[in-house]
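Summary of the model geometry
This is what each chain is made of:
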2 protein chains.
Amino acid sequence: MLPRGRPRAMGAAVLLLLLLLVVGFFLFGRDPDYGLGTTATLDEDPYRSRNLSASSPQLLLPPKCEVMLHVAIVCAGYNSSREIITLTKSLLFYRKNPLHLHLITDAVARNILETLFRTWMVPAVVVSFYDAEELKPLVSWIPNKHYSGLYGLMKLVLPSILPPSLARVIVLDTDVTFSSDIVELWALFDHFSGVILLWLDRLQQTGWEQMWKVTAKRELLTLMATSLADQDIFNAVIKEHPHLVHPLPCVWNVQLSDHTRAERCYLEAADLKVIHWNSPKKLRVKNKHAEFFRNLHLTFLGYDGKLLRRELFGCPNQFPPGAEQLQQALTQLDEEEPCFEFRQQQLTVHRVHITFLPHQPPPPQPHDVTLVAQLSMDRLQMLEALCRHWPGPMSLALYLTDEEAQQFLHFVETSPVLSMRKDVAYHVVYRDGPLYPVNQLRNVALAQALTPYVFLSDIDFLPAYSLYDYLRASIEQLELDSRRKTALVVPAFETLHYRFSFPNSKAELLTLLDAGSLHTFRYHEWPQGHSSTDYSRWREAQAPYSVQWSADYEPYVVVPRDCPRYDPRFVGFGWNKVAHIIELDAQEYEFLVLPEAFSIHLPHAPSLDISRFRSSPTYRNCLQALKEEFHQDLSRRYGSAALKYLTALQQARSRA
Amino acid sequence: MLPRGRPRAMGAAVLLLLLLLVVGFFLFGRDPDYGLGTTATLDEDPYRSRNLSASSPQLLLPPKCEVMLHVAIVCAGYNSSREIITLTKSLLFYRKNPLHLHLITDAVARNILETLFRTWMVPAVVVSFYDAEELKPLVSWIPNKHYSGLYGLMKLVLPSILPPSLARVIVLDTDVTFSSDIVELWALFDHFSGVILLWLDRLQQTGWEQMWKVTAKRELLTLMATSLADQDIFNAVIKEHPHLVHPLPCVWNVQLSDHTRAERCYLEAADLKVIHWNSPKKLRVKNKHAEFFRNLHLTFLGYDGKLLRRELFGCPNQFPPGAEQLQQALTQLDEEEPCFEFRQQQLTVHRVHITFLPHQPPPPQPHDVTLVAQLSMDRLQMLEALCRHWPGPMSLALYLTDEEAQQFLHFVETSPVLSMRKDVAYHVVYRDGPLYPVNQLRNVALAQALTPYVFLSDIDFLPAYSLYDYLRASIEQLELDSRRKTALVVPAFETLHYRFSFPNSKAELLTLLDAGSLHTFRYHEWPQGHSSTDYSRWREAQAPYSVQWSADYEPYVVVPRDCPRYDPRFVGFGWNKVAHIIELDAQEYEFLVLPEAFSIHLPHAPSLDISRFRSSPTYRNCLQALKEEFHQDLSRRYGSAALKYLTALQQARSRA
């Protein structure tokens with residue numbers, strides 16, 4: 001029996017292969033294409049791989065379009081859901097065959113990965129989900145304390161959840177990075193087919209399930225072990241049944257744990273195929289070649305995933321749902337048209353990674369409110385202050401590149417304030433195109449809010465310290481659950497000072513306002529945006545009061561989470577909130593200003609989009625065109641009731 | 001004789017190969033390792049490459065460490081210098097052999113690429129430069145109007161400039177992207193060696209140089225051609241001497257011009273090896289697979305070049321100059337030390353791409369001043385306003401990722417204000433690490449300023465409209481060329497308003513100041529930064545006046561361009577300018593405040609670094625440690641003269 005500390009490296013070295021055998025074994029008998037009794041062709045010393053593409057003489061690779069490669073991965077929780085993306089990118093980067101991913105997930109990972117793959121729209125990739133809950137009872141009797149826990153052990157029982165029609169599958173850990181085409185690994189099935197079938201007979205007599213269970217139980221008894229990881233069990237089974245295993249050439253599992261003997265292998269190899277981050281230290285592992293491996297990993301960590309939306313070249317294409325129509329719509333756009341950029345941006349489907357970081361959904365409470373906002377990298381520094389001002393749940397959409405998403409991760413991890421908060425859900429929407437898709441971002445954040453009410457805010461605003469409590473109390477008092485079409489207005493102010501002492505009450509705010517250190521929001525530049533809020537009435541108000549819509553009104557409001565979505569046609573600067581408020585008004589929401597609510601805008605440099613708006617007549621013309629199209633749609637949907645908005649727009653145009 | 005329009009595609013298809021043959025030919029006779037008379041092994045139809053790695057059965061690849069691959073590229077001007085980087089990244093990404101780049105460049109490209117490769121520090125890459133000027137006379141007699149001009153024709157005469165010891169070289173255009181290891185292309189030399197030597201005899205009788213010249217001249221005569229591109233000449237030579245050519249498998253030159261017949265090839269191929277953007281439309285080419293190719297190209301366009309600093313795995317390493325020491329210094333840092341991030345950031349060598357965009361150096365003028373500043377993506381929107389306020393030369397360092405550099409390019413190209421200005425030099429310093437390396441950026445911008453004087457400013461400041469003229473006049477009047485150690489102080493103000501009407505004169509500025517719409521810079525938060533400037537004296541001043549250094553003084557100054565550099569140890573927020581002003585004072589610069597000069601800071605959100613400074617005690621402690629080390633160095637260098645700075649620091653500490 002192997003001891004459990006040191007052989008882990010060896011165990012892992014054969015893990016990949018063993019699973020390949022095991023899963024192959026369970027389903028192999030049904031596949032008559034594999035010739036019985038052919039001999040193994042790959043019996044050479046794996047360390048002699050220099051100058052030989054040992055594992056895969058190219059002529060034996062399957063044809064590029066015809067073979068669907070099957071990959072199974074167990075993935076649970078927020079962090080593994082991030083890891084698996086880097087693995088997938090490296091897979092997709094090198095692959096030239098259609099790929100079927102079989103993902104065994106918990107509810108969290110499934111939620112994240114379903115959205116991700118749907119929006120990723122990679123051609124010739126099929127993703128199937130399997131509920132890991134079903135496997136739990138099969139392995140939960142095994143005491144274990146490995147960091148991957150029960151989910152690690154699930155690899156032992158994978159065959160019982162995968163469809164019987166699946167003849168072969170490659171099982172991967174989430175912490176591996178490919179640096180070559182997985183088809184070369186797939187090709188090993190052919191090399192091994194003889195070997196596998198040879199042992200199949202014997203295996204069938206015992207049954208794999210029986211075999212590992214017996215071994216695991218004996219291990220627990222005889223060694224007084226208190227816990228077992230999957231690899232411990234594999235090691236033990238291998239020890240008893242050495243014929244099960246044919247060692248995988250080491251280049252297919254270059255391990256980076258601290259005590260690995262892998263270096264003997266990889267220094268000789270012509271080519272590394274798969275890097276396995278099987279150390280709890282992961283990227284921070286100390287290894288004299290760590291820098292080299294890290295760079296391979298970072299390549300895919302920061303790789304722009306949208307570039308993997310490329311077709312399988314020369315293969316008949318199998319577009320994911322919607323992708324073909326989208327592609328057609330995009331190619332039909334006229335590049336010479338002045339608003340081409342706007343049209344293109346509107347059509348863009350962004351990859352979306354919901355709950356990028358661990359998140360604790362708020363316990364269900366009937367009057368709870370989620371703050372909803374969106375931001376890009378240049379507003380990260382607002383997050384800490386926002387957390388101090390808003391102790392409740394938040395749903396934030398971040399517009400980032402893949403690389404920025406990693407910077408963001410680092411930022412949160414190194415901030416005590418942010419890393420403490422588990423009720424803030426961060427949703428990464430990946431950048432694509434030159435215009436900020438503000439309303440698409442808002443819709444992502446809004447769709448992920450889990451409380452009955454949402455406070456639709458902007459990232460540059462800090463709410464009154466009391467606002468979260470006050471809103472919940474108001475929602476309860478006003479019995480909003482029985483009058484769903486109400487929008488509570490939170491009056492907006494602004495300061496021009498970087499540092500100022502935030503008012504603790506309405507009284508303090510009014511003092512600052514009178515002293516000129518605070519202003520009502522955009523008082524000088526865009527008074528119509530908030531004039532309906534009626535700040536002078538608000539000064540005196542003791543109770544909520546109703547106000548009427550007027551042109552260009554864009555207050556910050558609290559509404560039920562099933563409120564209308566934002567109109568995604570508005571990209572870049574301008575009119576994106578105005579259109580949403582019109583939609584609320586058209587749907588007969590009542591605007592009710594709260595007498596004690598306020599939020600304050602902090603100064604920042606004008607955004608790139610507002611600068612372009614100001615300096616480019618084309619930009620302004622395109623925005624005008626968007627407005628007009630919006631109004632046409634409005635008339636179509638609301639008929640004569642929408643007339644007042646059009647009239648208001650025309651009046652505004654004639655004034656301009 | 002082939003007509004010149006349509007066969008360009010075909011000509012280009014054989015171009016790569018032909019050069020391979022031609023250059024091989026010139027130097028081949030000297031290489032006894034190539035067996036005479038061996039037969040060609042690659043005579044199959046290149047379209048039959050499906051499922052065969054036709055061009056390179058892997059077993060024949062040269063061993064990974066031992067063979068140095070030689071690549072020659074002609075590169076001239078700013079835009080080709082950007083193109084060649086994407087090509088190089090794709091080369092480096094897949095290569096597993098040492099690489100020697102032979103770059104035939106004009107002065108502009110050499111200046112850019114020398115800096116780039118020196119700071120890139122890629123192991124196992126040698127770069128040699130050759131002066132394209134030397135080749136010009138050899139081809140300038142050929143009339144041509146191809147977009148690559150004379151530099152395109154230089155490929156005809158490459159052998160005359162490359163060292164005679166060079167046996168074989170692969171010649172590449174700057175607009176190709178590799179999607180496989182170049183060693184596979186190199187391996188074709190072996191396949192062709194027999195063929196090449198066979199034709200060599202014939203070629204030697206004529207001489208290549210003679211051959212193409214005769215053909216080119218006859219072409220010009222008989223076809224009444226007014227211009228020839230290199231490919232026209234190659235086509236004509238090939239037509240006359242078909243034995244010269246062995247067609248390269250099409251996967252090695254997948255062309256994207258509009259009328260290419262390449263699709264016939266690549267739809268069948270298992271693997272595309274090299275993409276050639278040989279259409280004047282480049283990335284915007286209309287081709288039904290354009291999206292696919294674009295993605296391959298964008299992969300390397302946006303690829304983080306620092307990840308290519310990886311060693312050649314398993315090879316004895318040949319570190320570029322300084323890289324080994326740097327690596328050692330980095331590994332000796334203690335990751336648990338609280339200021340680890342600071343230490344690491346200080347040691348980081350950033351890749352630097354000077355003059356990223358076309359630039360017209362200012363004509364030499366004895367009193368000219370360059371505005372020097374640095375920025376990152378979140379300040380791009382300042383550039384247009386800055387251009388309006390400062391009509392003179394600027395040298396700006398931008399801290400960007402590779403991907404952001406492309407966004408920046410797009411931003412400049414779509415801005416009429418910016419694309420008009422050719423006297424603004426943009427230097428890209430590639431991001432690496434979490435702290436903003438402010439002083440390293442300043443030093444890059446400063447080193448690239450080409451006028452005798454520099455105005456050391458910050459990106460958030462807009463200078464008075466008259467400042468550029470006024471500074472030049474003042475420099476002349478004050479006869480600064482004879483009193484080199486003078487620092488002209490430009491008084492700094494700030495506004496808290498996004499939009500405000502910029503004062504056209506000192507009188508207007510004073511009015512705004514009295515009205516409270518303007519303040520002296522950081523009057524409330526950090527008065528000591530500018531108190532020495534003595535604003536009340538400035539109000540009344542009619543002539544320049546001298547002021548004394550005091551603790552924490554950090555004015556914006558105009559100094560000769562050979563002034564002391566900034567101390568690169570200051571990364572992130574804090575004290576970076578203060579240290580520089582101390583250095584000036586220690587070197588006995590006189591601070592002279594200009595009575596009519598001013599510049600105004602615009603509002604923006606606090607940077608990430610200042611936010612971290614404010615919220616993190618560790619950050620503040622690390623800055624304190626940096627200050628103390630700076631003072632120790634100062635004492636070492638200036639002895640007792642540096643005592644006053646230390647005293648001032650200690651007084652400040654005791655006050656804090």
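Further up the page is the structure itself.
These remarks concern the structure in this document. Bear in mind the structure is a predicted one, so any value in this text is a computation, not a measurement.

**Some details on the overall build of chain A**
Secondary structure assignment for chain A yields 24 helices and 20 strands. Per-residue burial over chain A gives 61% buried out of 656 residues. Residue pairs at least 24 apart in sequence account for 80% of intrachain contacts in chain A once pairs closer than 6 positions are excluded.

**Structural notes on the pattern of salt bridges**
Considering all chains together, one arrives at 52 salt bridges over all chains under this definition. Among the ionic pairs, Arg539(A) bridges to Asp514(A), the shortest N-O distance being 3.0 Å. Placement of the pair is Arg539(A) in helix H20 (residues 535-540) and Asp514(A) in helix H19 (residues 506-514), with a sequence separation of 25 residues. Asp514(A) gets classed as exposed once you look at its relative accessible area, which sits at 53%. Two residues, Lys306(B) and Asp432(B), come together in a salt bridge whose shortest N-O distance is 4.0 Å. With Lys306(B) in the loop between helix H11 (290-301) and helix H12 (323-332) and Asp432(B) in the loop between strand E11 (424-430) and helix H17 (438-447), this pair connects stretches of sequence that are 126 residues apart.

**Re the sheet that holds strand E17 (residues 545-547) of chain B**
All names here are of chain B. Reading across the sheet, the 9 strands line up as E8-E11-E10-E9-E12-E18-E14-E19-E17 and stay open at both edges, with mixed pairing between neighbours. Looking at strand neighbours, the two that pair on one side only are strand E8 (352-353) and E17, the edges of this open sheet. For strand E10 (residues 394-400) and E11, the ladder comprises 7 bridges, and the chain directions are parallel. Note that in E11 the partner of methionine 394 across the bridge is valine 424. Seen against the sheet, helix H18 (residues 467-477) touches strand E9 (369-376), strand E12 (453-456), strand E14 (486-490) and strand E18 (556-560) and runs at an angle of roughly 135° to E9.

**A word on the pairing of strand E9 (residues 369-376) of chain A**
All names here are of chain A. The element E9 is largely enclosed, with a buried count of 8 among its 8 residues. Residues Val369, Leu371, Ala373 and Leu375 of E9 are buried on one face, and the alternating residues Thr370, Val372, Gln374 and Ser376, pointing to the opposite face, are buried as well. In this structure, E9 lies alongside strand E12 (residues 453-456), joined through 4 bridges in parallel fashion. The residue bridging leucine 371 from the neighbouring strand is phenylalanine 455, located in E12.

**Regarding the state of the cysteines**
All names here are of chain A. Tallying each qualifying case throughout the model produces 2 disulfides over all chains. Covalently, cysteine 339 is tied to cysteine 622 through a disulfide, its sulfur atoms 2.1 Å apart. One disulfide, between cysteine 339 and cysteine 622, carries an S-S torsion of -100° and so falls in the left-handed class. One end of the pair, cysteine 339, is in the loop between helix H12 (323-332) and helix H13 (340-347); the other, cysteine 622, is in helix H23 (residues 617-638), and 283 residues separate them in sequence.

**Details of helix H18 (residues 467-477) of chain A**
All names here are of chain A. Three or more residues of H18 are buried, namely Leu467, Tyr468, Tyr470, Leu471, Ser474 and Ile475. Around the axis of H18, the buried residues are gathered within 165° of arc, so they sit on the same side. Where H18 is buried, its residues meet E9, E12, strand E13 (461-463), strand E14 (486-490) and strand E18 (556-560). Directly after H18, the chain includes glutamate 479, whose backbone phi takes a positive value near 50°.

**Remarks on the packing of helix H21 (residues 576-586) of chain B against helix H23 (residues 617-638) of chain B**
Residue and element names in this part refer to chain B. One can describe the packing of H21 onto H23 by two numbers: an axis separation of 12 Å at closest approach and a directional angle of 10°. When the axes of H21 and H23 are compared, the pair comes out roughly parallel. Residue-level inspection shows Ala579, Ile582, Glu583 and Ala586 of H21 in contact with H23, the latter providing Phe630, His631, Leu634, Arg637 and Tyr638.

**Structural notes on the environment of Val126(A)**
All names here are of chain A. Here valine 126 lies in strand E3 (residues 125-131). For the pair formed by valine 126 and methionine 68, sequence separation is 58 residues and the distance between their alpha carbons is 9.5 Å. Those residues in contact with valine 126 that lie beyond four places of it in its chain are Met68, Leu99, His100 and Leu101.

**Brief notes about the pairing of strand E10 (residues 394-400) of chain A**
All names here are of chain A. For E10, the buried fraction is high: 7 of the 7 residues fall into the buried class. Side chains Met394, Leu396, Leu398 and Leu400 of E10 all project onto a buried face; the interleaved residues Ser395, Ala397 and Tyr399 project onto the opposite face, where all are buried too. Of the pairings in the sheet, the one linking E9 to E10 comprises 6 bridges and is parallel in character. Among the inter-strand pairings, valine 372 is bridged to a residue of E10, identified as serine 395. As for the winding sense of the linkage, the β-α-β connection from E9 through helix H14 (residues 382-389) to E10 is right-handed.

**Structural notes on the packing of aromatic side chains**
Considering all chains together, one arrives at 47 aromatic pairs over all chains under this definition. Geometrically, the ring pair formed by Trp549(A) and Tyr645(A) is edge-to-face, given 4.8 Å between the ring centres and 85° between the ring planes. Within this pair, whereas Trp549(A) is found in the loop between strand E17 (545-547) and E18, its partner Tyr645(A) is found in helix H24 (residues 643-655), the two being separated by 96 residues in sequence. Residue classification places Trp549(A) among the buried positions, given a relative accessible area of 12%. For the ring pair Phe502(B) and Phe598(B), a centre distance of 6.3 Å and an interplane angle of 20° mean the geometry is stacked. Of this pair, Phe502(B) sits in the loop between strand E15 (492-495) and helix H19 (506-514) while Phe598(B) is found in the loop between strand E19 (590-593) and strand E20 (599-601), placing the two residues 96 residues apart along the sequence. No difference in accessibility class separates Phe502(B) from Phe598(B), as the two residues are buried. The rings of Phe93(A), Tyr94(A), Phe300(A), Tyr303(A), Phe93(B), Tyr94(B), Phe300(B) and Tyr303(B) are connected pair by pair, giving a single aromatic cluster.

**What about the sheet that holds E17(A)?**
Residues and elements named next belong to chain A. Strands sit in the order E8-E11-E10-E9-E12-E18-E14-E19-E17 across an open sheet of 9 strands; the sheet is mixed. Pairing within the sheet leaves two strands with one partner each, and these edge strands are strand E8 (352-353) and E17. Taken together, the 4 bridges between E12 and E18 define a ladder with antiparallel strand orientation. Within the sheet, the bridge partner assigned to tyrosine 453 lies in E18 and is proline 560.

**Things to note about the packing of H13(A) against H23(A)**
Residues and elements named next belong to chain A. As a packed pair, H13 and H23 sit with axes 9 Å apart at the nearest point and diverge in direction by 50°. Put simply, H13 runs oblique to H23. In contact with Phe342, Arg343 and Gln346 of H13, H23 contributes Tyr619, Cys622, Ala625, Leu626 and Glu629. Taken together, the residues of the contact of H13 with H23 sort by class into 5 nonpolar, 1 polar and 2 charged.

**Some remarks on the environment of Ala187(B)**
Counting through the fold element by element, Ala187(B) comes out in the loop between helix H6 (183-186) and helix H7 (188-206). Residue contacts for Ala187(B): discarding those within four places in its chain leaves Leu61(B) and Pro62(B).

**Section: the side chain of His427(A)**
All names here are of chain A. Tracing the backbone through its elements, the reader meets histidine 427 in strand E11 (residues 424-430). Within the local environment of histidine 427, its side chain forms a polar contact with the backbone nitrogen of threonine 355, the two atoms lying 3.0 Å apart. With sequence-adjacent residues up to four places away left out, histidine 427 is seen in contact with His353, Ile354, Thr355, Ser395, Leu396, Ala397, Leu398, Val444, Ala445 and Gln448.

**Digging into the environment of Phe461(A)**
All names here are of chain A. Mapping phenylalanine 461 onto the fold places it in strand E13. Residue phenylalanine 461 is classed as buried on the basis of its relative accessible area of 1%. Between the C-alpha atoms of phenylalanine 461 and glutamate 494, which are 33 residues apart in sequence, the distance is 8.3 Å. Once residues lying within four places of it in the same chain are set aside, the contact partners of phenylalanine 461 are Met382, Leu386, Ala492, Phe493, Phe521, Tyr556, Ser599, Ile600 and His601.

**Brief notes about unusual backbone geometry**
With glycine set apart, most residues show a phi of negative sign, and most peptide bonds adopt trans. All names here are of chain B. Its identity is not glycine, yet threonine 355 carries a phi of approximately 40°, on the positive side. Looking at the element boundaries, threonine 355 is found in the loop between E8 and E9. A positive phi angle is found at aspartate 552, which is not glycine, with a value near 65°. Along the chain, aspartate 552 falls in the loop between E17 and E18.

**Quick word on H17(B)**
Along H17(B), 9 of the 10 residues are buried, which leaves the element largely enclosed by surrounding structure. Every buried residue of H17(B) is accounted for by Val438(B), Asn439(B), Gln440(B), Leu441(B), Arg442(B), Asn443(B), Val444(B), Ala445(B) and Leu446(B).

Cut-offs applied
- Residues numbered from 1 in each chain as written.
- Chains lettered and ligands numbered in written order.
- Predicted model: local features only at pLDDT ≥ 70, side-chain atom pairs only at ≥ 80, totals over all residues.
- Heavy atoms only, no water.
- Helix = DSSP H or I, 4+ residues; strand = E, 2+ residues; numbered from the N terminus.
- Buried < 20%, exposed > 50% of the residue type's maximum accessible area, 1.4 Å probe, protein only.
- Contact = heavy atoms within 4.5 Å.
- Salt bridge = Lys/Arg side-chain N within 4 Å of Asp/Glu carboxyl O.
- Pairing = 2+ DSSP bridges.
- Axes fitted to C-alpha atoms, helices over the stretch in contact; angles between N-to-C directions.
- Disulfide = S-S within 2.5 Å.
- Arc of directions from axis to C-beta.
- Parallel < 35°, antiparallel > 145°, perpendicular 65-115°, else oblique.
- Right-handed = clockwise from strand over helix to strand, strands pointing away.
- Phe/Tyr/Trp six-rings, centres within 6.5 Å; stacked < 30°, edge-to-face > 60°.
- Nonpolar A, V, L, I, M, F, W, Y, C, P; charged D, E, K, R; others polar.
- Polar contact = N/O pair within 3.5 Å; in protein donor to acceptor, adjacent residues only side chain to side chain.

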